[in-house]
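# Residue-level structure breakdown
The chain contents come next:
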Amino acid sequence: MIVIQAKDYDEMSLKAYEAMKKVLTEKPDAVLGLATGSTPVGLYKLMIEDYKRGLVSYKRMTSINLDEYVGLPVTHPESYRSFMNRNLFDHIDIDIANTHVPDGLAEDLEKSAAAYTAFAAAHPIDVQILGIGANGHIGFNEPGTPFDSHTHVVELKEGTRRDNARFFDNDINKVPTHAVTLGLKDIMNAKFIILLASGSGKADAVKKMIKGTVDESCPASVLQTHPNVLVVADEAAAYYLN
Ligand code: GLP
């Protein structure tokens, strides 16, 4: 695991993009593992800027997103599908048919989750972008999720729903109670993982992820066992590392 400390959010985004850009330029048909949340938005802006400058094309690339809320219409502005369209896909030349987000509205969620894992297994992720939850979750793999998990339906912890209430008029009751997420085993299949962390709210989780025991109480700690992980944390998120 390589850890880069950045001074602030912008530098974090830039360092992460520099590492990602190598894959984007070397592999025109790369499979990108993408994440939602406020943390990767700066990185997505840099991807868009370089695309607009003609430096990268996403025409032949495929994307696989980590997670989606259960029961939220895709047209809802806070569905992760809407988020991805708004913050990235609408601004680059990726074929929308090649962008994949778990289906939180499937009639048979288990079956759809199994198909998502099968798709991910058939399209190994070249670079996986991750954020981290304040409780150490990655994707929506909450503490206690088995390390050998595949795509599954998860009941969100109250703290996670509280953290995400800011996107739902600060009303926790509007935050969906369940989500579908790529499992930890699926995430660990990625060839290269870049985890971004920003802000003091992530400092404790970052410390446990990097220095704590590898243990299901901190899902992100599993990354210690992956051969190719880059963590980019800004000063506030890296606070307990020094
Ligand atoms: C959600 C997402 C995670 C994300 C986390 C942190 O729970 N499912 O993938 O990493 O939020 O979000 P933020 O980047 O907004 O702090």
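Throughout what follows, the structure given in this document is the object of discussion. (Residues numbered from 1 in each chain as written. Predicted model: local features only at pLDDT ≥ 70, side-chain atom pairs only at ≥ 80, totals over all residues. Heavy atoms only, no water.)

## Let's talk about the pattern of salt bridges
The condition that has to hold: For salt bridges, the criterion is a side-chain nitrogen of Lys or Arg within 4 Å of an Asp or Glu carboxyl oxygen. Secondary structure elements are taken from DSSP: a helix is a run of H or I of four residues or more, a strand is a run of E of two residues or more, and numbering for both begins at the N terminus. Residue exposure (1.4 Å probe, protein chains only): buried if accessible area is under 20% of the type maximum, exposed if over 50%, otherwise partly exposed.
One pass over the structure, following the stated rule, counts 10 salt bridges. Where Lys-27 meets Asp-126, a salt bridge forms, and the shortest distance between an N and an O atom there is 3.0 Å. With Lys-27 in the loop between helix 1 (9-26) and strand 2 (31-34) and Asp-126 in the loop between helix 4 (109-122) and strand 6 (127-130), the pair connects residues that are 99 residues apart, well separated along the chain. Classification of Lys-27 by relative accessible area gives partly exposed; the value is 29%. By relative accessible area, Asp-126 is classed as buried at 8%. Note that Arg-53 and Glu-49 form a salt bridge whose closest N and O atoms lie 3.8 Å from each other. Overall, the relative accessible area of 56% leaves Arg-53 in the exposed class. Salt bridges sharing common partners tie together Lys-21, Glu-49, Asp-50 and Arg-53.

## Brief notes about the side chain of Ser-221
The test is simple: The term polar contact refers here to a pair of N or O atoms within 3.5 Å; inside protein, the definition further demands a hydrogen-donor-capable atom paired with an acceptor-capable atom, and it admits residues adjacent in sequence only when both atoms are side-chain atoms. We call two residues contacting when some pair of their heavy atoms lies within 4.5 Å.
For Ser-221, the position within the fold is in the loop between helix 7 (203-211) and strand 10 (229-234). A distance of 3.0 Å separates the side chain of Ser-221 from the backbone nitrogen of Asp-215, its partner in a polar contact. If near-sequence neighbours (up to four positions away) are discounted, Ser-221 is found in contact with Phe-147, Lys-208, Met-209, Thr-213, Val-214 and Asp-215.

## Overview of the site of the ligand
Put simply, the test is: For this purpose, a residue is taken to be near a molecule or strand whenever a single non-hydrogen atom of the residue falls within 4 Å of it. Using a 1.4 Å probe, the Shrake-Rupley method yields the accessible areas, and only the shown protein chains count as cover for residues. When residues are sorted by character, Ala, Val, Leu, Ile, Met, Phe, Trp, Tyr, Cys and Pro go into the nonpolar class, Asp, Glu, Lys and Arg into the charged class, and all the rest, Gly among them, into the polar class.
Around the ligand lies a shell of 14 residues, among which Ser-38, Thr-39, Asp-67, Arg-166 and Lys-202 are the nearest. Here an oxygen atom of the ligand sits 3.3 Å away from a polar atom, N or O, in the main chain of Ile-132. In the model, an oxygen atom of the ligand is placed 2.6 Å from a nitrogen or oxygen of the Lys-202 side chain. Within the complex, 95% of the 390 Å² of free accessible area of the ligand lies under protein. Along the lines of polarity and charge, the residues of the shell around the ligand split into 3 nonpolar, 8 polar and 3 charged.

## Describing empty space enclosed by the protein
Operational definition: Put simply, the grid is 1 Å and covers the protein atoms alone, a cavity is a trapped set of points that fit a 1.4 Å probe, a pocket is an open set with protein on both sides within 12 Å along at least five of seven lines, and lining residues have an atom within 4 Å of a point. Grid points are joined across faces, edges and corners, and a volume is the space filled by probe spheres set on the points.
Tallying each qualifying case throughout the model produces 1 cavity of 30 Å³ or more. There is about 60 Å³ of room inside the largest cavity. Every residue lining the largest cavity is listed: Thr-117, Ala-120, Ala-121, Pro-124, Ile-125, Asp-186, Asn-189 and Ala-190. No other element matches the 3 residues that helix 4 contributes to the lining of the largest cavity. Its residues assigned to classes, the lining of the largest cavity comprises 5 nonpolar, 2 polar and 1 charged.

## Quick notes on the pairing of strand 9 (residues 193-197)
The line we're drawing: For two strands to be treated as a pair, DSSP must find at least two bridges joining them.
Of all 5 residues that make up strand 9, 5 are buried, and the element is covered over most of its length. Across the two faces of strand 9 the burial is the same, with Ile-193, Leu-195 and Ala-197 and Ile-194 and Leu-196 all buried. For strand 6 and strand 9, the ladder comprises 3 bridges, and the chain directions are parallel. The residue bridging Ile-129 from the neighbouring strand is Ile-194, located in strand 9. As paired strands, strand 9 and strand 10 are joined by 5 bridges and run parallel to one another.

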